[in-house]
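The residues making up each chain are set out below.
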Amino acid sequence: MKLYDMTAAPNPRRVRIFVAEKGIEMEYHQVNMMAQEHKSPEFLAMNPSGKIPVLETDEGFIAESVAICRYLEAVYPQPNLFGATPFELGTIEMHNRIFELEMWTQIGISWVNGPVVAKMAPGRFTQNPQAKETSDANVHAFYRRFDKELADRQFAAGDRYTVADITALTGVDFASSSVGLKPDEALTNLWDWHARVTARPSASA
Ligand SMILES: N[C@@H](CCC(=O)N[C@@H](CS)C(=O)NCC(=O)O)C(=O)O
């Protein structure tokens, strides 16, 4: 299997961490995003959305981080990261979707309307400072909510490490390092959780 990847990009990191947690052997191909390789006809034939990560399997290509991770979980069931019982499956899915829809989406709005994208891809997006202000506030509000929830659980979706921790960690790390959205130091439950998940060897994948 081969993963179309870019070391600095947060979505491929989600898959790399998942792969590391499972101990899967994987070939990595670095996509040159600066040269727009992900918009080339060859790449668009693999993923018409023109985004990474993409997984190449013997049966064809799979895009979307969660779809790739689900495929990998089906092929390599252990350790289980998506849930082992019906209730766990539902709970982990719920939290994972909440992190994607309510945190990652807002981080994405701040990113495309922020200074790094303005410099890196001038003119690609019509930037809206007001949208950024709103999404910045939404991200910080989400951090506060997550911090409160972590008073009652050790991990993002319950009392064990799951795919939801990977979604949350990669979002928080990207927002902190590249979007100027680091969680407030006062959010001690969030930072304790962050230390717990960052201590795992997979976090450096
Ligand atoms: N929902 C997708 C998002 C993928 C995504 O946005 N990837 C970024 C890199 S982190 C990308 O390829 N951006 C290029 C673009 O949007 O043109 C997933 O979960 O894999």
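Residues numbered from 1 in each chain as written. Predicted model: local features only at pLDDT ≥ 70, side-chain atom pairs only at ≥ 80, totals over all residues. Heavy atoms only, no water.

## Structural notes on the site of the ligand
What surrounds the ligand is a group of 15 residues, the closest being Lys39, Lys51, Ile52, Glu64 and Ser65. Interatomic distance of 2.7 Å between a side-chain N/O atom of Lys39 and an oxygen atom of the ligand. For the ligand, whose unbound accessible area comes to 510 Å², protein coverage reaches 80%. Applying the majority rule of atoms within 2 Å of the grid points places the ligand in the largest pocket. Per-element tally for the shell around the ligand: the top contributor is helix H1 (residues 10-22), with four residues. (Near = heavy atom within 4 Å. Polar contact = N/O pair within 3.5 Å; in protein donor to acceptor, adjacent residues only side chain to side chain. Areas by Shrake-Rupley, 256 points an atom, 1.4 Å probe, with all protein chains shown as cover. 1 Å grid on protein atoms, 1.4 Å probe; cavity = no way out; pocket = protein on both sides within 12 Å on 5 of 7 lines; lining within 4 Å. Sits in = over half its atoms within 2 Å of the grid points. Helix = DSSP H or I, 4+ residues; strand = E, 2+ residues; numbered from the N terminus.)

## Considerations on the environment of Ile24
Secondary-structure assignment places Ile24 in the loop between H1 and strand S2 (27-30). The exposure class of Ile24 is buried, given its relative accessible area of 9%. Not counting residues within four places of it along the chain, the set of residues in contact with Ile24 comprises Met1, Val19, Leu72 and Tyr76. (Buried < 20%, exposed > 50% of the residue type's maximum accessible area, 1.4 Å probe, protein only. Contact = heavy atoms within 4.5 Å.)

## With respect to the pattern of salt bridges
Under the counting rule described, the total for this entry stands at twelve salt bridges. For Lys22, the salt bridge goes to Glu73, with nearest N and O atoms at 2.6 Å. With Lys22 in helix H1 and Glu73 in helix H3 (residues 65-75), this pair connects stretches of sequence that are 51 residues apart. By sharing partners, the salt bridges in this structure join Glu102, Arg145, Glu149 and Arg153 into a single network. (Salt bridge = Lys/Arg side-chain N within 4 Å of Asp/Glu carboxyl O.)

## Some words on the packing of H1 against helix H7 (residues 163-178)
Look at H1 against H7: their axes get within 9 Å of each other, and the N-to-C directions meet at 145°. Regarding H1 and H7, the two cross each other, and that crossing is right-handed. Residues Pro10, Arg13, Arg14, Ile17 and Phe18 of H1 touch H7, and the partners they reach there are Val163, Ile166, Thr167, Leu169, Thr170, Asp173 and Phe174. Looking at the contact of H1 with H7 residue by residue, the classes come out as seven nonpolar, two polar and three charged. (Axes fitted to C-alpha atoms, helices over the stretch in contact; angles between N-to-C directions. Left-handed = near helix turned anticlockwise from the far one by under 90°. Nonpolar A, V, L, I, M, F, W, Y, C, P; charged D, E, K, R; others polar.)

## Here we look at the domain arrangement of the protein
Here the protein is described as being made up of domain 1 (2-75) and domain 2 (86-204). Each of domain 1 and domain 2 was reduced to a C-alpha centroid, and the two centroids are 21 Å apart. Contacts between the two partners involve twelve residues from domain 1 and, on the opposite side, 17 residues from domain 2. Three residues, Arg13, Arg14 and Glu21, lead the burial of domain 1 against domain 2; their summed loss comes to 42% of the area buried on that side. Remark: the boundary between domain 1 and domain 2 carries four salt bridges. For the salt bridge of Asp173 with Arg13, the shortest nitrogen-to-oxygen distance reads 2.9 Å. Between domain 1 and domain 2 we count seven residue pairs in polar contact (both at pLDDT 80 or more) in total. (Domains from an automatic or database assignment. Buried area = accessible area lost by both parts, 1.4 Å probe.)

## A few points about the packing of helix H6 (residues 129-149) against helix H8 (residues 188-198)
Packed helices, taken two at a time, are described by the angle between their axes plus the distance between the axes. Contact geometry for H6 and H8: axes closest at 7 Å, N-to-C directions at 80°. Between H6 and H8, the angle falls in the class roughly perpendicular. On the side of H6, the interface is formed by Tyr143, Phe146 and Asp147, while H8 contributes Thr188, Asn189, Leu190 and Trp193. Residues that form the contact of H6 with H8 fall into these classes: four nonpolar, two polar and one charged. (Parallel < 35°, antiparallel > 145°, perpendicular 65-115°, else oblique.)

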